[in-house]
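Listed below, chain by chain, are the residues.
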Protein chains: 2
Amino acid sequence: MKITINEIAKKAGVSKATVSRVLNNSKPVNESLRKRVLQVIEETNFRPNALARGLSLQKTRVIGVIIPDLSNPVFSRIIAGIESYTRAHDYSLMITATDYDISTEIKHINLFRDKGVEGLILLTDDVNQKLSEVLGDFSKPIIMIGSDCDLEKIPVIKIDNMKAAYEATQYLINLNHKRIAMIRGPLTDRFSGNLRFEGYKKALVESGIYDENLVKEGKYSFEHGYQTMTHLLAGSKIPTAIFCANDVMAVGALKCALDNDLNVPEELSIMGFDDIEIAKIYTPSLSSVHQPFEAKGERAIAKLIHMIESEADETISECAFEDEVLEHRLIIRQSTKRIKS
Amino acid sequence: MKITINEIAKKAGVSKATVSRVLNNSKPVNESLRKRVLQVIEETNFRPNALARGLSLQKTRVIGVIIPDLSNPVFSRIIAGIESYTRAHDYSLMITATDYDISTEIKHINLFRDKGVEGLILLTDDVNQKLSEVLGDFSKPIIMIGSDCDLEKIPVIKIDNMKAAYEATQYLINLNHKRIAMIRGPLTDRFSGNLRFEGYKKALVESGIYDENLVKEGKYSFEHGYQTMTHLLAGSKIPTAIFCANDVMAVGALKCALDNDLNVPEELSIMGFDDIEIAKIYTPSLSSVHQPFEAKGERAIAKLIHMIESEADETISECAFEDEVLEHRLIIRQSTKRIKS
DNA sequence: TTGAAAGCGCTAACAT
DNA sequence: ATGTTAGCGCTTTCAA
């Protein structure tokens, strides 16, 4: 029923090898034959079966992406960056979410391999032993975004979380704040969650105003931000500034402050991290640490495709495996303000 | 280098047909042989090549999804709904964005077909002639989400946009508002954009208070909402309520009002559409029309998989092709309020 | 129950 | 420059 290269060959009165040649421009073909073949292809609307092609060539032009949660804008913007670059370079994307479950992740890495993906982009916050093994066996290019990875041959695209948090905290210190709380990520988030906390702590320790009682744990959700803020406000010594490990919690804290008739930023400065869209939109708008989500995706896929294509040439340079640290920057908006010392 | 069914057969001392049989439980195999084969598979970590399998079986367990924009939360939540169901049913997803460009869309529909997807989910706002042809030729199950489609055999999953907009407007009318503006979608959005406007208009016309000067066009972005609101505020007779065709514009309008020291909802009621996350989070929180994004995705993929699998059985029932209208509901929050008549 | 062999649709080495 | 043919790795008739 579906038309194949054989019928094209027959109708054009040539061998299928010739058809294949004109299809791929892989070898010179006599102009009149080429015309005839092209003609038949046109007429029949023939399109080569990519599966068969892939099987024969060991190339599918498909790339796999594994991500914890597709509905989280932070991730979907990275995906969007990956996707547009991928599309521009004539690859296709297979995408799966893991719901933060490592066994799901492993299962789908294998599934993708079976399906012939030529490379893999991974967004994970935790690389454990078992995962390491699977990745080690993978035999095709892999890039990670965000979390570190100690495996050779797996470059990571990231930002300098610690430095960024340090700068954000330093900014609050420069605004004369002495009691600066942090709603940090969960302790189990050993990567960015921890680095952002360490940056915060470093700045405060350097200024001699670190107070561990002002550090609270939140699970990155709006509700956690809101609730943690409630606790903070119920305490005896209310902070004058709060640094949150992500914008979503920052907005939770912000709304909580507003609901409690606290004036932000007059009475309380709030600083987020990520610079998601809502930061710009909120009233008051939220100061934050901008990180380039789309660019993260783009750099990752660009690097991956480079690895894939130079692997064929064997021209791969050493620097292709190096980690890349993308630039962050502080975005100052309405939610933070200098106070009198 | 990669291990194949042949090596398994050799190592287990059987034919590859037998290996295939134990792999798929397709035919009875002597228990001792099965054990031996399983053993070898285990030892070698063998996993069958899905490409080869797909070529032979004409089945890939891959589904294609085409969507205008991956970074838009409205879409990514639908995708998330699709993905989790897909994953639970052991299919994989190939996803591509179109940037609202129909030729890109067509190109990737064909690409997906070449790559052997077994079904297609389409999110489009516009089905033109050319697209219709391509879809008609597709020969595999297709589902559309959102926009209508006049093609037989292509079920649509949607909400009743007109009714929803009607109810939202009616709600504002019941709050005693007489001057109710609308920031509608672009005129080029012939589907939901238009239906939402029609619902709004119908309610106002029925109450005899429709005024076309109060209808403004916006392109669904925060900036458009903000800017349009600026114009509205500059006008001579400022409306007391505004219905926006989506939440993003509503928040734009809301922030503009706030920036101009207008009290929402005391002086101005604002109602959005979609009930995206920000609606709940904003201060004041935004009244809106809730629509079930994740459920849209799930219903679509559930239906699609049903079509795919019953197509094999030829057991497909008529109702499998029927459109489905999902429930919306009004969510009343802080941004709308009754006024004195 | 098992194995041999044909076939899925394409590419590429080898011959001509 | 073109055709013949042997794979790519798997499933599935068909015979035994």
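Quick look at the structure, then.

The rules behind the values
Residues numbered from 1 in each chain as written. Chains lettered and ligands numbered in written order. Predicted model: local features only at pLDDT ≥ 70, side-chain atom pairs only at ≥ 80, totals over all residues. Heavy atoms only, no water. Helix = DSSP H or I, 4+ residues; strand = E, 2+ residues; numbered from the N terminus. Expected span 1.5 Å × (residues − 1). Buried < 20%, exposed > 50% of the residue type's maximum accessible area, 1.4 Å probe, protein only. Near = heavy atom within 4 Å. Polar contact = N/O pair within 3.5 Å; in protein donor to acceptor, adjacent residues only side chain to side chain. Nonpolar A, V, L, I, M, F, W, Y, C, P; charged D, E, K, R; others polar. Least-squares fit on C-alpha atoms with pLDDT ≥ 70 in both. Contact = heavy atoms within 4.5 Å. Buried area = accessible area lost by both parts, 1.4 Å probe. Salt bridge = Lys/Arg side-chain N within 4 Å of Asp/Glu carboxyl O. Disulfide = S-S within 2.5 Å.

A word on helix 6 (residues 102-114) of chain B. Because each turn of an α-helix spans 3.6 residues, side chains separated by three or four positions end up pointing in the same direction. Residue and element names in this part refer to chain B. Look at helix 6: 18 Å from first C-alpha to last across 13 residues, which is about the 18 Å you get at 1.5 Å a residue. With 11 of 13 residues buried, helix 6 lies mostly within the body of the structure. All buried positions along helix 6 are accounted for by Ile102, Thr104, Glu105, Ile106, His108, Ile109, Asn110, Leu111, Phe112, Arg113 and Asp114. Two residues or fewer past helix 6, Gly116 is found with a positive phi of approximately 85°.

A few words on the protein's contact with DNA strand D. As a structural note, the neighbourhood of DNA strand D is formed by 27 residues, with Thr18, Arg21 and Asn30 of chain A together with Ile5 and Arg53 of chain B the closest of them. For DNA strand D, the backbone portion of the atoms within 4 Å of the protein, that is sugar and phosphate, comes to 66%. In this structure, a base oxygen belonging to DNA strand D sits 3.4 Å away from a side-chain N or O atom of Arg21 of chain B. Breaking the surface near DNA strand D down by element, the ones donating at least two residues are helix 2 (16-24) and helix 4 (50-57) of chain A together with helix 2 (16-24) and helix 4 (50-57) of chain B. In terms of residue count, the dominant contributor to the surface near DNA strand D is helix 2 of chain B (five residues). A per-class count over the surface near DNA strand D returns 12 nonpolar, 11 polar and four charged.

Turning chain A through 180° and shifting it by 0.1 Å along the axis lays it on chain B, with an RMSD of 0.1 Å. The two molecules are tied by a two-fold rotation axis, judged by turn and shift. For chain A, the residue whose C-alpha comes nearest the rotation axis is Met94 of chain A, separated from it by 2.2 Å. Of all interface residues in chain A, 100% are interface residues in chain B too; the two copies therefore contact each other through one and the same surface.

Between a side-chain oxygen at the N-terminus of helix 4 of chain B and the backbone nitrogen of Leu51 of chain B the separation is 2.6 Å; the capping residue is Asn49 of chain B. In the stretch just after helix 4 of chain B, Gln58 of chain B is the one whose phi turns positive, near 60°.

Residues and elements named next belong to chain B. Checked against the element boundaries, Val264 lands in the loop between helix 11 (247-259) and strand 9 (269-271). Residue classification places Val264 among the buried residues on the basis of a relative accessible area of 7%. Taking C-alpha positions, Val264 is 16 Å from Asn176, a pair spaced 88 residues apart along the chain.

Quick look at the interface of chain A and chain B now. Contact with chain A, which involves 49 residues of that partner, is made by 49 residues of chain B. For the pairing of chain A and chain B, the buried interface totals around 4400 Å² over both sides, and the portion due to carbon and sulfur atoms is 58%. Linking chain A to chain B there are eight salt bridges. Our enumeration of links across chain A and chain B arrives at 30 residue pairs in polar contact (both at pLDDT 80 or more).

Next up on the list: the state of the cysteines. All told, the structure shown has zero disulfides over all chains when counted by the stated rule. Between Cys256 of chain A, a cysteine without a disulfide, and Cys244 of chain A, which holds the nearest cysteine sulfur, the sulfur-to-sulfur distance is 11 Å.

Right, let's talk about the protein's contact with DNA strand C for a bit. Around DNA strand C lies a shell of 26 residues, among which Ile5 and Arg53 of chain A together with Thr18, Arg21 and Asn30 of chain B are the nearest. Sugar plus phosphate, as a fraction of atoms of DNA strand C within 4 Å of the protein: 69%. Within the side chain of Arg21 of chain A, a nitrogen or oxygen atom sits 3.3 Å from a base nitrogen of DNA strand C. In the model, a base oxygen of DNA strand C is placed 2.6 Å from a nitrogen or oxygen of the Arg21 of chain B side chain. Per-element accounting of the surface near DNA strand C gives the leading share, five residues, to helix 2 of chain A. A per-class count over the surface near DNA strand C returns 12 nonpolar, 10 polar and four charged.

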